Amino acid sequence: MIYGLCLILFLVGFYGIVVKRNLIKIIMGLIIMEYAVHLFIVLVSYQRGGIVPILQEGQSISEFVQLAVDPLPQVLVLTAIIINFGITALVVAIAIRLYEKYGTFDINEIRRLRG
Amino acid sequence: MTPYIIALLLVFMIIGAIIALEIRDTLAAVVALAAVGIGISIAFLFMGAPDLAITQVVVEVLVLLILIRATISRDVTTIEAGRPQFVMTISVCALLILLLFSLHMVEVLPTFGLQDHMVNIGNPSFHYLSEALSETGAANIVTAILLDYRVYDTLGEVTVLFVALIGVWTVLRKKGRLRGEAVAFGQKEEDDEA
Amino acid sequence: MKPDQGMSLIVKTVTCWINSFIFLFGIYVMLFGHITPGGGFPGGVIIACSFILITLAAGKEFALKLFSLDDASVVDSFSIFLFLFIGFLGLILGNYFLQNFMAAGEPFRLPSAGTIVLNNVAIGLKVGAAIFAMFMYLSLFRLDEGEETE
């Protein structure tokens, strides 16, 4: 059920990209899709009763291995968050440039004014 | 207990996302988007990923700032509801069909949180968890993987950030764009200052 | 500088008090990334946030006087070369590129994890400078546009 909710979150973002006409709303849909994907990767790796993959002082390693959640997806998502921040900044820059040229965020208007 | 909390958070996030996409006022939409990000961060915290929670909160604040800077006092005119009815209906139907198919796909995945041996012997994560302290000396396994075992990944990521910075600068610069080709082929830049 | 640059006096005073602590917290998160949650990415972003707070509270001119865009590009390029330099040191002193050639040291102490600490610092500087520069580009553009229309 939780995976299904996460998919619904993804599809809400997709709906924003497909249906909306405002460029800022499209960027928001993109960000929501990114969030849903990050959350999905971490959800799949979750283990019930899992502890944080950070060793405390005086903790035995064999017990730690049994209890800790999988650290590898967290690393991948940590990289992806920063990359997605770069993507967001780039897309916002392009949107600002389009606004400066056409004076609107409406993509239909932009298409009509092209040329 | 944790699955219910996360399900609740997900419902909260879906509502926030719908509000962010549907509300008329752009500033309110940005704030609703920030609520989605904070929800994700709390979910990370419940799933044992504090590194991700910290990063997500901080990046969320920055995305909020950038979107507000981009939108506020710029687009005052609200764009009325979008496409024709026909296109809307077709898109929503296609999304629902996509949801049905992907729900079938989800059944293949293991049940949420019920894996007994997620990190078993053959998994690379098992090696990371058991050997990282003696091999690298870092107590935080996530950092040990990020900066020791998979440091090429980080190198590529840093490169991507660098390229994104150059891209933002290229898209937004004022010089060398209005005059077209003449400036691009090496004319002096100071006569271009408007 | 225009007198109404930035926000009100209250915001400026609170920023003046709180900003150094945010900066210090960023450095802490960056340096202790191998023991506690955190690391180079969030630490760098927190450091960038402290400068962005100055920008929002005291105006762009003041922030750019403190840390200009040229400084940001220098720090950005320098830290990515620092990262590569550590990698080539691994190639020279060890066996392969980006090898952790230093000794692991005593666990749970600050100078423990070999090159991980240095890499954290390099990545933190890189991310902080890059994000600050991105934010400044995005907001400077609006300044230019405003001057044109007025």
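Rules used in this analysis
- Residues numbered from 1 in each chain as written.
- Chains lettered and ligands numbered in written order.
- Predicted model: local features only at pLDDT ≥ 70, side-chain atom pairs only at ≥ 80, totals over all residues.
- Heavy atoms only, no water.
- pLDDT = per-residue confidence, 0-100.
- Contact = heavy atoms within 4.5 Å.
- Helix = DSSP H or I, 4+ residues; strand = E, 2+ residues; numbered from the N terminus.
- Core = buried A, V, L, I, M, F, W, Y, C linked by side-chain atoms within 4.5 Å.
- Buried < 20%, exposed > 50% of the residue type's maximum accessible area, 1.4 Å probe, protein only.
- Buried area = accessible area lost by both parts, 1.4 Å probe.
- Salt bridge = Lys/Arg side-chain N within 4 Å of Asp/Glu carboxyl O.
- Nonpolar A, V, L, I, M, F, W, Y, C, P; charged D, E, K, R; others polar.

Residue-level pLDDT values for chain B average 79, and 78% of them are 70 or greater. Predicted confidence for residues 180-194 of chain B stays below pLDDT 50, and this span has 11 contacts to residues more than four positions away or in other chains.

Take the confidence of the model for chain C next. Residue and element names in this part refer to chain C. When pLDDT is averaged along chain C, the result is 81, and 89% of the positions lie at 70 or above. Taken element by element, chain C is modelled with least confidence in helix α5 (residues 115-149), mean pLDDT 77, and with most confidence in helix α1 (residues 9-31), mean pLDDT 89. Contacts of residues 146-150 to residues separated by more than four positions or lying in other chains number 1 contact, the stretch itself having pLDDT below 50.

Bringing the nonpolar core into the picture now. Judged by nonpolar contacts, the single largest core of 131 residues is most densely connected at A:L39, A:L43, B:F44 and B:M47. Ignoring any residue separated from it by four or fewer positions in sequence, one finds B:F44 in contact with A:H38, A:L39, A:V42, A:V77, B:A49, B:L52, B:A53 and B:Q56.

This brings us to the interface of chain A and chain B. Counting residues at the interface gives 74 residues for chain A, matched by 92 residues for chain B. For the pair chain A and chain B, the two sides together bury roughly 8000 Å², of which 77% comes from carbon and sulfur. Summed over the shared surface of chain A and chain B, the number is 1 salt bridge. Note that A:K20 is salt-bridged to B:E22, the shortest N-O span being 3.3 Å. Sorting the residues of the side of chain A that touches chain B by element identifies α1 (2-19), α2 (23-44), α3 (61-67), α4 (71-102) and α5 (107-113) of chain A as the ones contributing at least two each. The element contributing the most residues to the side of chain A that touches chain B is α4(A), with 23 residues. Of the residues contributing to the side of chain A that touches chain B, the split by class is 54 nonpolar, 12 polar and 8 charged.

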